[in-house]
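Report on the structure
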Amino acid sequence: MAIRIISNRKLVVLGASLLGATTIVMFGIHAAETQQPLSSGQHEARTPDSASVPGGVPEQATHPKLAENPKSSQEAGSPATPGVQPADGRTAESHPEAGAQQGKQAPVKATKQVALTFDDGPDTKYTPQVLDILKQYEAKATFFVVGRQIAHHSDVLKRIHDEGHSIGNHSWNHANLTKLTSAQIQKEIKSTDEAIEKVIGASTPMVRAPYGAITASTRRGLTSAGRQIVDWTVDTKDWSGRASGDMVELVRKRTKNGGIILMHSFGGKNGNLDNTIEALPLMIEALKQDGYAFVTVPELQAQKE
């Protein structure tokens with residue numbers, strides 16, 4: 001009996017010891033699991049949603065475009081915005097309208113004025129194309145027309161007037177006024193005045209000498225008769241066949257507030273003004289980005305008075 005009791009006590013003590021050791025071991029294992037750091041493989045297994053929680057991988061490290069060049073959006077001209085994932089889980093690539101909206105540039109407020117002018121028309125090839133572009137961009141211009149061209153294309157002159165552009169006198173035959181007598185100059189100007197008035201119901205005080213060639217005495221004579229001589233500040237030389245890109249660069253470099261840009265809507269080298277048609281929309285967009293509004297010559301001069 002004594003031996004059995006002693007054995008039972010040993011078993012009880014031994015069982016208690018084993019239970020305590022098991023508890024200690026299990027507690028140690030639990031503590032080790034809660035303190036063990038994440039392995040590199042566990043980081044890579046995280047979903048993109050981990051970027052939105054502390055310790056998650058930033059979006060720049062998982063987006064191939066941003067990882068390649070984090071400043072690419074700023075260098076492209078678009079504002080830098082935080083990488084926020086849409087609530088529906090779509091990215092800019094899967095949601096094109098959202099991406100387009102982010103890349104859209106804000107319009108530049110117009111703080112300066114410039115006048116586009118077109119000489120030698122009207123015609124039925126290039127003048128209508130110029131008018132279409134101006135209408136598309138809601139830009140106004142001034143057309144210095146030649147009398148003999150009006151005689152053949154009066155409907156185009158009427159369109160110029162009806163669409164809100166200004167009209168100036170550019171002589172009847174596009175003659176060099178410095179080689180004419182006073183009587184011949186008067187005839188050139190008067191005949192064109194009459195052709196303009198017949199189409200739009202009014203003449204114009206504006207005169208531009210062909211080639212810009214005019215003597216001081218002729219200028220004084222026209223001015224004293226109430227005529228307004230209009231020159232230019234930037235000559236694109238589009239008539240020479242100059243490349244459209246070169247014209248845009250020239251205009252952007254030389255245009256100042258209150259400037260007058262010279263182009264043509266008829267004529268050109270071998271009768272070709274395709275470069276003008278190609279350059280005009282690019283020129284308008286560039287000048288708009290530089291803060292220019294497009295006005296007629298009379299509007300421009302009214303601001304100076």
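In the block above lies the structure referred to throughout.
The structure reproduced in this document is the subject of the present report. (Residues numbered from 1 in each chain as written. Predicted model: local features only at pLDDT ≥ 70, side-chain atom pairs only at ≥ 80, totals over all residues. Heavy atoms only, no water.)

Let us look at the nonpolar core. Ranked by internal contacts, the top residues of the largest apolar core, which has 35 residues, are Leu 116, Phe 118, Leu 134 and Phe 143. Top contributing element to this core by residue count: helix H13 (residues 274-289), with 7 residues. (Core = buried A, V, L, I, M, F, W, Y, C linked by side-chain atoms within 4.5 Å. Buried < 20%, exposed > 50% of the residue type's maximum accessible area, 1.4 Å probe, protein only. Helix = DSSP H or I, 4+ residues; strand = E, 2+ residues; numbered from the N terminus.)

Below, the discussion takes up the pattern of salt bridges. Between side chains of opposite charge, pairing is possible as soon as their charged atoms come close. One pass over the structure, following the stated rule, counts 7 salt bridges. Residue Arg 227 pairs with Asp 193 through a salt bridge whose shortest N-O separation is 2.8 Å. Residue Arg 227 is located in the loop between helix H11 (216-224) and strand E5 (228-229), and its partner Asp 193 is located in helix H10 (residues 182-200); the two are separated by 34 residues in the primary sequence. With respect to burial, Arg 227 and Asp 193 carry one shared label: buried. Among the ionic contacts, a cluster of salt bridges with common partners joins Asp 132, Arg 159 and Glu 163. (Salt bridge = Lys/Arg side-chain N within 4 Å of Asp/Glu carboxyl O.)

With that settled, consider H10. The terminal C-alpha atoms of H10 lie 27 Å apart, and with 19 residues this matches the ideal 27 Å at 1.5 Å per residue to within 8%. Buried within H10 we find Ile 185, Glu 188, Ile 189, Thr 192, Asp 193, Ala 195 and Ile 196. All buried residues of H10 fall inside an arc of 165° around its axis, so they share one side. Facing away from the buried side of H10 by more than 90 degrees, the exposed set consists of Ala 183, Gln 186, Lys 187, Lys 190 and Lys 198. (Expected span 1.5 Å × (residues − 1). Arc of directions from axis to C-beta.)

Moving on, we get to the packing of helix H7 (residues 126-136) against helix H9 (residues 154-162). At a minimum axis distance of 10 Å, the contact between H7 and H9 shows a crossing angle of 15°. Between H7 and H9, the angle is such that the two are roughly parallel. Helix-helix and strand crossings are classified by hand; for H7 and H9 the assignment is left-handed. Mapping the contact onto sequence places Thr 127, Pro 128, Leu 131 and Asp 132 in H7 and Val 156, Arg 159 and Ile 160 in H9. Among the residues forming the contact of H7 with H9, the class breakdown is 4 nonpolar, 1 polar and 2 charged. (Axes fitted to C-alpha atoms, helices over the stretch in contact; angles between N-to-C directions. Parallel < 35°, antiparallel > 145°, perpendicular 65-115°, else oblique. Left-handed = near helix turned anticlockwise from the far one by under 90°. Contact = heavy atoms within 4.5 Å. Nonpolar A, V, L, I, M, F, W, Y, C, P; charged D, E, K, R; others polar.)

Now for H7. Of the residues making up H7, those classed as buried are Tyr 126, Thr 127, Pro 128, Val 130, Leu 131, Ile 133 and Leu 134. Of the surrounding elements, those touching the buried residues of H7 are strand E1 (112-119), strand E2 (141-145), H9 and H13. Looking one or two residues past H7, Glu 138 carries a phi angle of roughly 55°, positive in sign.

What follows deals with the packing of helix H12 (residues 244-254) against H13. Axis separation between H12 and H13 bottoms out at 8 Å; the angle between their running directions is 30°. Crossing geometry of H12 relative to H13 is assigned as right-handed. Every residue of H13 that contacts H12 at Ser 244, Met 247, Val 248, Val 251 and Arg 252 is listed here: Asn 275, Thr 276, Glu 278, Ala 279, Leu 282, Met 283, Ala 286, Leu 287 and Gln 289. Classifying every residue of the contact of H12 with H13 by side-chain character gives 8 nonpolar, 4 polar and 2 charged.

Positionally, Thr 192 belongs in helix H10. Its relative accessible area of 0% is what places Thr 192 among the buried residues. Within polar-contact distance, the side chain of Thr 192 engages the backbone oxygen of Glu 188 at 2.9 Å. (Polar contact = N/O pair within 3.5 Å; in protein donor to acceptor, adjacent residues only side chain to side chain.)

Positionally, Asp 231 belongs in the loop between E5 and strand E6 (234-235). Measuring from C-alpha to C-alpha, the distance between Asp 231 and Leu 262 comes to 8.7 Å, with 31 residues separating the pair along the chain. If near-sequence neighbours (up to four positions away) are discounted, Asp 231 is found in contact with Arg 208, Arg 219 and Ile 260. Engagement of the side chain of Asp 231 in a polar contact is seen with the side chain of Arg 219, the distance being 3.4 Å.

This next bit is on unusual backbone geometry. With the exception of glycine, the majority of residues adopt a negative phi angle, and the majority of peptide bonds are in the trans configuration. A cis amide bond, omega 5°, links Gly 121 with the succeeding residue Pro 122. Mapped onto the elements, Pro 122 comes out in the loop between E1 and H7. If you check the backbone angles, Glu 138 has positive phi at about 55° while not being a glycine. Tracing the backbone shows Glu 138 in the loop between H7 and E2.

A few words on the pairing of E2. Counting buried residues along E2, 5 of its 5 residues qualify, which places the element largely inside the surrounding structure. Neither face of E2 is left uncovered, since the one carrying Ala 141, Phe 143 and Val 145 and the one carrying Thr 142 and Phe 144 both have all their residues buried. Once you follow E1 into H7 and on to E2, the crossover reads as right-handed. Bridge analysis of E2 against strand E3 (residues 166-169) gives 4 bridges, and the strand direction is parallel. For Phe 144, the partnering residue across the bridge sits in E3 and is Gly 168. (Right-handed = clockwise from strand over helix to strand, strands pointing away. Pairing = 2+ DSSP bridges.)

With that settled, consider the layout of surface pockets. Volume-wise, the second largest pocket comes out at about 210 Å³. In terms of lining residues, the second largest pocket is bounded by 16 residues, among which Asp 120, His 174, Tyr 211, Trp 239 and His 264 are the most central. For the lining of the second largest pocket, the class distribution of residues is 7 nonpolar, 6 polar and 3 charged. (1 Å grid on protein atoms, 1.4 Å probe; cavity = no way out; pocket = protein on both sides within 12 Å on 5 of 7 lines; lining within 4 Å. Points joined across faces, edges and corners; volume = space filled by probe spheres on them.)

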